[in-house]
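Residues per chain, in single letters:
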Amino acid sequence: MSSSPRFRRIATAAVSALVLLALLVVGTQVQVPYAALGPGPTLNTLGMTKVEQDGKVVERKVVQIDGAPLDKTTGNLNLTTVSVSDGLTLFDALGMWLSGKYALTPRDEVYPPDRTTEQVQQENAQQMAGSEESATIAALRFLDRPTVLRIAGVGAEGPSAGVLQAGDVVTRVGGVEVETSKELRDVVSKNPPGTVLPLEIVRQGTPQTVTVTLAPHPDDAKAGFLGVAAEVANADPSLKVTYTVGDIGGPSAGMMLALSVIDQLSPGELTHGKFIAGTGTITADGDVGPIGGITHKTRAAHDAGATVFLVPARNCAEAVSDRPDGLELVKVETLDSAVDALDAIGEGRPAPTC
């Protein structure tokens, strides 16, 4: 006996309803192994930001400088970020992808499976702290303000153990003046293992000379190795630079933070009243490095009102591939080149572009 058309319609409707219900449950409840990357907040490093303190919301300068006269600044020097959306359902992911503003990436690339979300956030915070230190030193060196090369740590079983100490200020190595970690490494590596190398240092205010017998470098047996970690530090105890960037993490704000310090401590205005945004890591020597998510950052800058974006040279090709209309992409390789480019833009001269 065959079923009636009415019964088949009811059965079909019931099955369809169950399928739709299953899709709704999966689409709204089941998380997918992807994260969405998109334009994040931008922050004017010459301006103020709001933070919570003792249960109250207060305003603070993003880059606060104490102990030195400051020059007037106008315009914007905005650092840029990438937003990360995690815990996405299937419908969340599809909606973000269809919007055209976000890119989906495997979650493991953002939050590696061998680390918790909290550990990744802590690493990002540590990278930001290191970026802030490098920004300060790069800016001070650009401005010819006093800095020192200081021993940050000594390998317990390395050739410098028992000779150098954390906190020692290094002035000369083998008779050569050194001011940065790179200069120290270069001088040391030019000497073969077994060389008895004299180092002129200042320990607790007292100048002295010590000698270290170099060991073979772990990566090059023909190069000398000192076995220390060194850092460049501010030598002016009255000058203090404090950064307030909220929960922004990672190293990519370094260049924009350094430019803010330079703008505040030097005459004239780097922005010439314009809305400048940018990104890039920074070393104590002033080298600007590439970052991730450049097209999300240029989009965020454009949406915030920027007309010029400072792009690390190695990010230029990607940045050009999706350049927002009306946003000038300026190529930078060093802190010096960034300042030169801003001066050129302010004076109406052409700047290096991507």
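Before any of the text, the structure's been laid out above.
Sequence order as written defines residue numbering, which begins from 1 separately in each chain. Note on the predicted model: pLDDT of at least 70 is required for a residue's local features to be given, and 80 or more for side-chain atom pairs to be given and counted; whole-chain, interface and lining totals, by contrast, use all residues. Water and hydrogen atoms were dropped before computing side-chain values, which therefore reflect all heavy atoms in the structure.

Asks: Looking at this model, I keep getting lost on a nonpolar patch on the surface. Mind explaining?
Replies: Put simply, a patch holds well-exposed residues, over 30% relative accessible area, that have no salt bridge, with like charges counted together within 9 Å and Val, Leu, Ile, Met, Phe, Trp or Tyr side chains within 5 Å. Per-residue and other accessible areas follow the Shrake-Rupley method at a 1.4 Å probe size, with only the shown protein chains counted as cover for residues. Salt bridge criterion: a side-chain nitrogen from Lys or Arg within 4 Å of a carboxyl oxygen from Asp or Glu. A contiguous nonpolar surface patch, about 680 Å² in accessible area, is contributed by Tyr34, Leu90, Phe91, Leu94, Trp97, Leu98 and Leu104. Put simply, DSSP H or I for four residues or longer makes a helix, DSSP E for two residues or longer makes a strand, and each gets a number counted from the N terminus. No other element matches helix α2 (residues 90-99), which puts five residues into the nonpolar patch. With respect to the secondary-structure elements, tryptophan 97 resides in helix α2. Here's how the labels work: a residue is buried when its accessible area is under 20% of the maximum for its type, exposed when over 50%, partly exposed in between, all with a 1.4 Å probe on protein chains only. Taking the relative accessible area as the measure of exposure, tryptophan 97 reaches 53% and is therefore exposed.

Asks: Explanation requested: the sheet that holds strand β20 (residues 328-332) in the structure shown.
Replies: The strands making up a sheet are joined through hydrogen bonds of the backbone, oriented either antiparallel or parallel. For two strands to pair, DSSP has to find at least two bridges joining them. Read across the sheet, six strands follow the order β6-β1-β5-β16-β19-β20 without closing on themselves; strand pairing throughout is mixed. Each edge of the open sheet is held by one strand with a lone partner, namely β6 (103-106) and β20. Taking each pair of neighbouring strands and ignoring which way they run, the sheet shows an average axis angle of 35°. As paired elements, strand β1 (residues 34-44) and β6 share four bridges and run antiparallel to each other. From the neighbouring strand, tyrosine 34 faces β6, where its bridge partner is proline 106. A contact between two residues is defined here by any heavy atoms of the two lying within 4.5 Å. Here an angle of 0 to 180 degrees is reported between the N-to-C directions of two axes, which are lines fitted to C-alpha atoms, with helices fitted over the stretch in contact. Packing of helix α9 (residues 335-346) onto the sheet brings it into contact with β5 (76-85), β16 (275-278), β19 (308-312) and β20, and relative to β20 it is tilted by some 145°.

Asks: Just checking my understanding: could you explain the side chain of threonine 89 for this structure?
Replies: As for its position among the elements, threonine 89 is in the loop between β5 and α2. For threonine 89, a relative accessible area of 9% gives the class buried. Polar contacts here mean pairs of N or O atoms no more than 3.5 Å apart (in protein, one a potential hydrogen donor and the other a potential acceptor; neighbouring residues in sequence count only if both atoms are side-chain atoms). Within the local environment of threonine 89, its side chain forms a polar contact with the side chain of aspartate 92, the two groups lying 3.0 Å apart.

Asks: Quick question: what am I supposed to make of the nonpolar core here?
Replies: Most often, soluble globular proteins have nonpolar side chains that are buried together. To qualify as a nonpolar core, a set must consist of buried Ala, Val, Leu, Ile, Met, Phe, Trp, Tyr and Cys residues joined through side-chain atoms within 4.5 Å. By size, the foremost hydrophobic cluster in this structure holds 43 residues, and its most contacted members are Met255, Leu257, Leu259 and Leu310. Every element with two or more residues in this core is listed here: β4 (63-66), β5, α4 (117-142), β15 (240-243), α6 (254-265), β19, β20 and α9. Broken down by element, this core gets its largest block of residues, eight residues, from α6. Discounting chain neighbours no more than four positions away, the residues touching methionine 255 are Thr279, Gly280, Thr281, Ile282, Val288, Leu310, Val332, Leu335 and Ala338. If you look at the next biggest cluster of nonpolar residues, it comprises 18 residues, including Leu197, Leu199, Leu214 and Leu226.

The quantities given are spatial measurements derived from coordinates; they are silent on function.
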